[in-house]
Amino acid sequence: MALSKLHGLIAERKARVVVMGQGYVGLPLALCVAKSGFETCGYDVDPHKITQLRQGKSYITDVSDAEVAECLETGNFLPTLDPSVLAEADVVAVCVPTPLSKSKDPDMSYIHDAVSKIKEYAHPGMLLILESTTYPGTTDEICDQLSSPTFIHGKDFFACFSPERVDPGNPIFQTQNTPKVIGGTTDEGSQLGEAFYSHIMSEVVPVSSARVAEMVKLLENTFRAVNIGLVNELALMSERMNIDIWEVIRAASTKPFGFMPFYPGPGIGGHCIPLDPHYLAWKARSFDFHNKFIELASDINGNMPRHVVQRAAEALNDVSKSIRGSRVLILGIAYKKNIADYRESPGLEVMRLIDRAGADVMYHDPFVPAFDDMSKPYSSVELTDSLLKSIDLVIITTNHDGVDYERVAKSAPRILDTRNVLSTFAGDHIQRLGYRRSDSDEPEAPAMAVVEFPAVQVGS
Ligand code: SAJ
């Protein structure tokens, strides 16, 4: 019987595992599974990824080359482009992207592609684990799609949802030591999933169903998106009220209970926080429930790059310059500190808007040596005194460690700091998001005319 056979294989660590998707979630997971003693295939559709892995090379910030090489040497980790490994798989973990379409609806194409491959190689005795963030009900729907008279859900195959909880660049919490939530489409699916992950993770957190597990992940990321939106709105308010929001947050953080600090920024980036909450909003609408927090937070967070450009225009205006024709340095392209990922990055959005407003724009990011944007090649410039002195405005959009901020503060004529990384430096040439110095507490005169941008679609 498939269920007892699967329990036996998992208990003896003889289950053959395929992890579909070798990105920032799937690769760390595959290596953890392999290190736990399971024969693990790391399947991906990208030949470059598989070639690098086979050479013992990592392309993920949190995974070292040595870690990949060690797993290869044990023989327990097999990077592959060949989906037919699914024909021999006992456990399949799906870790593929779940982006949004242009209209902010779920783009399930990656999941559908993975499911069609599983269907092609389906055989009795499979445990399917979905890790990709998605709307409640997805895992149940996948089981319906896979079911057939010879591949019966709850008899021949079982399934559960277990959300990935990867915090890229986090030096403390990695895949193995982050508590793992798991919920099955059936009780047997839950039991098999718990048994499997208990060999791999330090803590397994069972919940009553896959739908609950799917909702757990969406709560986690909606919580962040909404609180970031709240603090960004308070930052805009504070600029108007001549209050330093950073001082306010610092003081509020002394409250030892009932408060968790979030910080203003140039917007939100990455592949989770800007996107995942919209999966929940989309699904809720099908239950005729129209949420407000997710849309409002998305609106506030999504408009922060334009606000930063507005502040940049005002900073240049203070010295009788305009964005057009000015030399502007974007300091930080990655979407958050100490990582190289610039997907959905607010820093990149600010750079595009400044470019479109007619500035001579360049960037420096120690984690992003070069990139192409809308078929325009960019490479990170070196932070020298002469370069900084030649810049009309530096906009700090990512607060990477290891940048010579003292040099920036001393050499750049004007700086707009959106991350408060120059909080220890003084000078009228330094302006900060979330605070706007004024001589009195009187309401400010209406801000200068809003910077207009040609109506051109910005980037993907
Ligand atoms: N941000 C702010 N203010 C804040 C916190 C973040 O502006 O107070 C911005 C960041 O600069 C970044 C974006 O929001 O552009 C997302 O930041 P993030 O810290 O949520 O980073 P992610 O998306 O890489 O990682 C998150 C995980 N982060 C943390 O738990 C700290 C977590 O929410 C999820 O485990 C993960 O996404 C995921 O995969 O869902």
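Residues numbered from 1 in each chain as written. Predicted model: local features only at pLDDT ≥ 70, side-chain atom pairs only at ≥ 80, totals over all residues. Heavy atoms only, no water.

Asker: Please explain helix α12 (residues 346–356) as it appears in this structure.
Answerer: Every α-helix carries 3.6 residues per turn, so stepping three or four residues along brings you back to the same face. When you tally the buried positions in α12, you get 9 out of 11 residues, the bulk of the element. Among all positions in α12, only P346, G347, L348, V350, M351, R352, L353, I354 and R356 are buried. Contact partners of the buried residues in α12: α11 (293–317), β9 (327–331), β10 (360–364), β11 (370–373), β12 (376–379) and β13 (393–396). Where α12 begins, the side chain of S345 points an oxygen toward the backbone nitrogen of G347, at a separation of 3.1 Å. (Buried < 20%, exposed > 50% of the residue type's maximum accessible area, 1.4 Å probe, protein only. Helix = DSSP H or I, 4+ residues; strand = E, 2+ residues; numbered from the N terminus. Contact = heavy atoms within 4.5 Å. Polar contact = N/O pair within 3.5 Å; in protein donor to acceptor, adjacent residues only side chain to side chain.)

Asker: Would you explain the packing of aromatic side chains in this entry?
Answerer: Any two aromatic rings considered together are summarised by their centre-to-centre distance and by the angle between their planes. In the structure shown here, the tally under the stated rule is 9 aromatic pairs. Sitting over the face of the ring of Y197, K180 holds its NZ or CZ atom 5.0 Å from the ring centroid. (Phe/Tyr/Trp six-rings, centres within 6.5 Å; stacked < 30°, edge-to-face > 60°. Lys NZ or Arg CZ within 6 Å of the ring centre and 35° of its normal.)

Asker: Which parts of the structure should I look at to understand a nonpolar patch on the surface?
Answerer: Taken together, the side chains of L230, L234, M237, M241, I243 and V248 present a nonpolar region at the surface, about 480 Å² in accessible area. Element by element, the count of residues in the nonpolar patch is highest for helix α8 (residues 210–241), at 4 residues. As for its position among the elements, L230 is in helix α8. Under the relative-accessibility criterion, L230 is labelled partly exposed at 46%. (Patch = residues over 30% accessible without salt bridge, like charges linked within 9 Å, V, L, I, M, F, W, Y side chains within 5 Å. Areas by Shrake-Rupley, 256 points an atom, 1.4 Å probe, with all protein chains shown as cover. Salt bridge = Lys/Arg side-chain N within 4 Å of Asp/Glu carboxyl O.)

Asker: Whenever I open this one, the site of the ligand confuses me. Can you help?
Answerer: In the vicinity of the ligand there are 21 residues, among which K217, N221, R224, Y263 and Y335 approach most closely. At 2.6 Å from an oxygen atom of the ligand is found a side-chain nitrogen or oxygen belonging to Y335. One of the side-chain N or O atoms of K336 is found 3.1 Å from an oxygen atom in the ligand. Protein contact buries 87% of the 730 Å² of open area that the ligand shows by itself. Broken down by element, the shell around the ligand gets its largest block of residues, 4 residues, from α8. (Near = heavy atom within 4 Å.)

Asker: Would you mind showing me how to read the pattern of salt bridges here?
Answerer: A side chain of one charge can pair with a side chain of the opposite charge if their charged atoms are brought near each other. Across all of its chains, the model carries 29 salt bridges by this definition. Salt-bridge contacts for K180 lead to E131; the nearest nitrogen and oxygen are separated by 2.8 Å. With K180 in strand β7 (residues 180–184) and E131 in the loop between β5 (126–130) and α6 (138–146), the pair connects residues that are 49 residues apart, well separated along the chain. Exposure remark for K180: the relative accessible area of 5% places this residue in the buried category. Note on E131: relative accessible area 2%, which makes it buried. Across the pair E164 and K217 runs a salt bridge whose closest N-O atoms are separated by 3.9 Å. Taken together, the residues E164 in the loop between β6 (157–161) and β7 and K217 in helix α8 connect sequence positions 53 residues apart. Its relative accessible area of 5% is what places E164 among the buried residues. Overall, the relative accessible area of 4% leaves K217 in the buried class.

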